[in-house]
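One letter stands for each residue in the lines below.
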Amino acid sequence: MVVRICNYFISLLCALLLGSAPALAQYSGTRDTRPVATKKEKKPAEIEYPWFNGVSVGLDLYGLGAGLFGSDFLSSEVVVDVDLKHRFFPTVELGYGTTDSWSDNGIHYKSGAPYFRVGVDYNALYKKKHGQMILVGLRYGYSSFSYDVKTLPFSDPVYGGNLDNPLLTDGIWGGSVPYDYSGQKGTMQWLELCAGIRAHVWKPIWMGLGLRFRLKLAESKSMHGDPWYVPGFGKYGGNTLGVQYTLIYKLPF
């Protein structure tokens, strides 16, 4: 009797174990805390621009505005550049600069001539889609110009007629020095280090703001006097700093 009970109990236990094996396996599977392998997220592809990405034409407003608001210099220039992969911008700048001014000591200086610059800009934000650019670049500039320099005569209040400028005196012989040289010739070559920003305003319209550090390379001038102003370069002397504020239109091709 005891043997039968033991055999029955063992059989029941085996049946319970065998019947619960799938459930145990399923239960143990839900408790598996091992990390599950996940697919690696793909990085978004970099923006790819075509090699030729358009031509832009711009007009510098800073030189015009400065002249209209009282500067001694007035200039205007047209800027044309080609967008290559939205990274490189070969650029040509054609302009005209002029001045007609009197100094404090009565010297009249007059000049006006065209100038040009060629170079390239690099867009540091070429991977961005927001449209803004940070541009750094280099230019070569050249101008061939003529200039007039003369002293201002004064009217003689007693005897009439004109007198030479009393502010200009001969350092050796004394007395007033007459000075009138027109049509003097000069040339200048220079380099420009450029840095600026360009922002998309509306549809094909952009605006640009930049600084120019100009380094004089070579020059020629008249034996009768230095030029006071060089078109495209600025005030004659050492290196100069210029500003460019440009309204730009991107051509539809």
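The coordinates are above.
Not measured: the values here are computed from a predicted model.

Chemist: Hey, could you go over the overall build of the chain for me, with residue numbers and the actual values?
Modeler: For the chain, the count of helices and strands is two helices and 12 strands. In the chain, the order of α-helices and β-strands from amino to carboxyl end is α-β-α-β-β-β-β-β-β-β-β-β-β-β. Carbon and sulfur atoms provide 65% of the accessible area of the chain, an area that totals close to 16700 Å².

Chemist: Break down the pairing of strand β1 (residues 52-60) for me, with residues and values.
Modeler: Judged from the six bridges that link them, β1 and strand β2 (residues 73-84) form a sheet pairing that is antiparallel. Residue pairing in the sheet places G58 in a bridge with V79 of β2. By the bridge criterion, five bridges tie β1 to strand β12 (residues 240-250) in an arrangement that is antiparallel. The residue bridging S56 from the neighbouring strand is K250, located in β12.

Chemist: Explain the packing of aromatic side chains residue by residue, including any values.
Modeler: Taken as a whole and assessed by the stated rule, the structure comprises 10 aromatic pairs. Site record: aromatic cluster; members linked through ring pairs are F73, Y109, F145, Y147, W228 and Y229. In this structure, R87 is placed above the aromatic ring of Y126, and the distance from its NZ or CZ to the ring centre is 3.8 Å.

Chemist: Explain the nonpolar core to me, and be specific about the residues and the numbers.
Modeler: By size, the foremost hydrophobic cluster in this structure holds 11 residues: Y109, A113, F145, Y147, V149, M188, W190, Y229, V230, F233 and Y236. Every element with two or more residues in this core is listed here: β4 (107-123), β5 (133-151), β8 (180-202) and β10 (229-230). Of the residues forming this core, the biggest block, three residues, is contributed by β5. Contact partners of Y229, with chain neighbours within four places excluded, come to F73, L74, S75, G97, T98, T99, Y109, S111, F145, G234, K235 and Y236. Residues M133, L135, W206 and I248 belong to the second largest nonpolar core, which totals five residues.

Chemist: How would you sum up unusual backbone geometry? Please name residues and give values.
Modeler: With phi around 60 degrees, H86 is a residue other than glycine that occupies positive phi space. By secondary structure assignment, the location of H86 is in the loop between β2 and β3 (88-102). When its relative accessible area of 7% is taken as the criterion, H86 is described as buried. One non-glycine residue with positive phi stands out, namely K203, at about 50 degrees. Topologically, K203 is positioned in the loop between β8 and β9 (205-220). Residue classification places K203 among the exposed positions, given a relative accessible area of 57%.

Chemist: Requested: an account of the side chain of R214, with residues and values cited.
Modeler: Within the fold, R214 resides in strand β9. In this view, R214 contacts R117, W190, L191, E192, G232, F233, N239, T240 and G242; residues no more than four positions away in its chain are not counted.

Chemist: I'd like to hear about the sheet that holds β2, residue by residue, with values.
Modeler: Spatially, eight strands are ordered β1-β2-β3-β4-β5-β8-β9-β12 in a closed barrel, and the strand pairing comes out antiparallel. Direction aside, the axes of adjacent strands within the sheet are offset by 25 degrees on average.

Chemist: Can you break down the environment of A195 residue by residue, with the values?
Modeler: Assignment of secondary structure puts A195 in strand β8. Each C-alpha atom of the pair A195 and I134 lies 7.7 Å from the other, and the pair is 61 residues apart in sequence. Setting aside anything within four residues of it in sequence, one finds A195 in contact with L135, V136, G210 and L211.

What counts as what
Residues numbered from 1 in each chain as written. Predicted model: local features only at pLDDT ≥ 70, side-chain atom pairs only at ≥ 80, totals over all residues. Heavy atoms only, no water. Helix = DSSP H or I, 4+ residues; strand = E, 2+ residues; numbered from the N terminus. Areas by Shrake-Rupley, 256 points an atom, 1.4 Å probe, with all protein chains shown as cover. Pairing = 2+ DSSP bridges. Phe/Tyr/Trp six-rings, centres within 6.5 Å; stacked < 30°, edge-to-face > 60°. Lys NZ or Arg CZ within 6 Å of the ring centre and 35° of its normal. Core = buried A, V, L, I, M, F, W, Y, C linked by side-chain atoms within 4.5 Å. Buried < 20%, exposed > 50% of the residue type's maximum accessible area, 1.4 Å probe, protein only. Contact = heavy atoms within 4.5 Å. Axes fitted to C-alpha atoms, helices over the stretch in contact; angles between N-to-C directions.

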